[in-house]
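Analysis of the macromolecular model
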Amino acid sequence: MLVVPDADKPLVWLHGEVKTPPFSSEARVEAGMLLRRLQGGERLGMPASRPMPIVGRRCHELRIVDADQTWRIIYRTDADAVIIAEVFFKKTSTTPKTVINVSQTRLRQYDDAVKGRP
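Residues numbered from 1 in each chain as written. Predicted model: local features only at pLDDT ≥ 70, side-chain atom pairs only at ≥ 80, totals over all residues. Heavy atoms only, no water.

Our focus in this paragraph is the packing of aromatic side chains. A full pass over the atoms with the stated rule returns two aromatic pairs. With 4.2 Å between their ring centres and 15° between their planes, F23 and W71 make a pair best called stacked. Here F23, found in the loop between β1 (11–13) and α1 (25–39), pairs with W71, found in strand β4 (residues 70–77); they are 48 residues apart in sequence, far enough to count as distant. Each member of the pair, F23 together with W71, is buried. For the pair W71 and F89, a centre-to-centre distance of 5.6 Å together with 80° between the ring planes defines the contact as edge-to-face. Of this pair, W71 sits in strand β4 while F89 is found in strand β5 (residues 82–90), placing the two residues 18 residues apart along the sequence. Of the residues examined, F89 reaches a relative accessible area of 35% and is grouped as partly exposed. Among the aromatic residues, those joined into a cluster by ring pairs are F23, W71 and F89. (Phe/Tyr/Trp six-rings, centres within 6.5 Å; stacked < 30°, edge-to-face > 60°. Helix = DSSP H or I, 4+ residues; strand = E, 2+ residues; numbered from the N terminus. Buried < 20%, exposed > 50% of the residue type's maximum accessible area, 1.4 Å probe, protein only.)

See the structure below:
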């Protein structure tokens, strides 16, 4: 009997990218490793990721500490993909309302497009 592992989930980038610069090479590698783990179906917890129910169901915030700032990646785990809604650096302890709103809008537009709604 041949056991074939489940295929990794694709990353769907609705906005943003992880590249050097502005990420340091170390932060870019860390972000890539965390995203790869998510693709493999792993559920990440603190301090790498925290739930963001204010954005939506199954939404989280990856936390990547860089040399002089902390990057955040807002993502949602779906059954068939990991959806990236926003990439930004955080200056305060709270997530800006604009980031929350734009992430909600992008995810809603993605869901409508997937379901074939105008």
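Moving on from the model shown.
In this section: unusual backbone geometry. The residue after M46, namely P47, is reached through a cis peptide bond having omega 5°. Relative to the helices and strands, P47 is located in the loop between α1 and β2 (49–51). Not every positive phi belongs to a glycine, and R58 is a case in point at roughly 65°. Assignment of secondary structure puts R58 in the loop between β2 and β3 (59–65). Residue R58 is classed as partly exposed on the basis of its relative accessible area of 37%.

None of this, on its own, says anything about what the molecule does.
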